[in-house]
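Here is what each chain is made of, one letter per residue.
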Amino acid sequence: MTIEFIESHRCFSGTLHICRHQSEATGTPMRFSAYVPDGDGPFPVVTFLSGLTCTEENFTVKAGAYRKASALKLVVIAPDTSPRGEGVANDPAYDLGQGAGFYLDATEAPWAPHFRMESYIAKDLQQVVVENFPADMKRQGITGHSMGGHGALTLGLKYPGLFRSISAFAPIVSPTRCPWGEKAFTAYLGADRETWKAHDATLLIEAGAAKGHYETILVDQGEADSFLEAQLKPQLLEEACAKAGQKLVLRMHPGHDHSYYFIQTFIDDHLAFHAATLLAS
């Protein structure tokens, strides 16, 4: 798969690349960042999925992840959150359309032609990374923030053959039971709520999707997060894991909000969590 290197920067003991390629899944150019540590590799891979309104740049610039990634010898991939460009459907609201792909494949007009972020992450991005970087795609972890935390949980649960570890920051744990998810799912998937279940982490876990695949799932959540009660509802994930017998480490942090300052604080913990699984095999 042809790739364009837009920028490359030396960063700790490695190199950060900003990349663009044509996606078969979305039918558009897609951007992502790739941090690659020095050495021959192949190295384990951790993919970070960002939240509403974000591009690949938010995590890349704000998370402060690369000192730890360099030390642990991890490739870190951060894709954009949606297709973009002329002819791609959009909406004036921040929580629908471009910047709000919700990491699923839309089935409804006008979104279906391009909003295929599940296929993009699970197929196209896999191909472009392995073909262009010293990445060991048999040792992958996935994490993300907010809408991207939802994506990390659901894609990790749906594709255990790709991902061996899952974590999340302030995830939307049950989009079928919060305003952000209900709005997006109605638009992208239609009014039949049965079709929504495949994109709700709590329902996937209750159905046994994690069993035999993930020993522990790590989630960090700020107690001062303004979206905590209405949108994020981590207690629903806690309840689902308890019912399914799935080990969950849910860490609640007083004073922390929904920002990248929160992510900066705990990103090293998450990379170490993934490395403990990925480097052990």
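Look up: the structure comes first, before these words.
Just so it is clear, the model here is predicted, and its values are computed rather than measured.

**Student:** Describe the overall build of the protein chain, listing the residues and the values that go with them.
**Tutor:** Counting its secondary structure elements, the protein chain contains nine helices and nine strands. Over its C-alpha atoms the protein chain spans a radius of gyration of 17 Å, differing by no more than 12% from the 19 Å that the globule rule assigns to 281 residues. Its C-alpha atoms put the protein chain at 50 × 45 × 35 Å along the principal axes. For the protein chain, the residues scored as buried account for 58% of the 281 residues in total. For the protein chain, long-range pairs separated by at least 24 residues make up 71% of all intrachain contacts whose partners lie at least 6 apart in sequence. Of the accessible surface of the protein chain, which amounts to about 11,100 Å², a share of 51% is contributed by carbon and sulfur atoms. Each charge class in the protein chain can be summarised by its mean position, and for the 23 positive and 32 negative side chains these summaries are 5 Å apart.

**Student:** How would you summarise unusual backbone geometry if you had to cite specific residues and measurements?
**Tutor:** Along the chain, Gly41 connects to Pro42 via a cis peptide bond; the corresponding omega equals 0°. One can find Pro42 in the loop between strand E3 (29-37) and strand E4 (43-49). In this structure, Pro110 follows Ala109 across a cis peptide bond, with omega equal to 0°. With respect to the helices, strands and loops of the structure, Pro110 is situated in the loop between strand E5 (75-79) and helix H3 (117-132). In this structure, Thr53 takes a positive phi of about 75° despite not being glycine. Turning to its location among the elements, Thr53 is positioned in the loop between E4 and helix H1 (56-62). At Ser146, a position not held by glycine, the phi torsion is positive, near 60°.

**Student:** Explain the state of the cysteines residue by residue, including any values.
**Tutor:** Enumeration over the complete set of coordinates arrives at zero disulfides. Free of any disulfide, Cys54 has its nearest neighbouring cysteine sulfur in Cys178, separated by 16 Å. By relative accessible area, Cys54 is classed as buried at 7%. Looking at the unpaired Cys241, the closest cysteine sulfur is the one in Cys178, lying at 17 Å.

Analysis parameters
Each chain carries its own residue numbering, running from 1 in the written order of its sequence. Totals for whole chains, interfaces and linings use all residues, but because this is a predicted model, local features are given only for residues with pLDDT of at least 70 and pairs of side-chain atoms are given and counted only at 80 or more. Hydrogens and water are ignored here; the side-chain numbers use all heavy atoms of the structure. Helix and strand assignments follow DSSP, with helices taken as H or I runs no shorter than four residues and strands as E runs no shorter than two, numbered in order from the N terminus. For the radius of gyration, the atoms used are the C-alpha atoms, and the globule rule reads 2.2 Å times the number of residues raised to 0.38. The buried label goes to any residue with under 20% of its type's maximum accessible area, the exposed label to any with over 50%, and the partly exposed label to all in between, with areas taken from a 1.4 Å probe on protein chains only. Only heavy atoms enter the contact rule, under which two residues are in contact if any of them lie within 4.5 Å. Surface exposure here means Shrake-Rupley accessible area, sampled with a 1.4 Å probe, where a residue is shielded only by the protein chains that are shown. Charge assignment: positive for Lys and Arg, negative for Asp and Glu; neither His nor the chain ends contribute. Working definition for charges: the position is that of NZ of Lys, CZ of Arg, CG of Asp or CD of Glu. Any two cysteine sulfur atoms lying within 2.5 Å of each other are counted as a disulfide.

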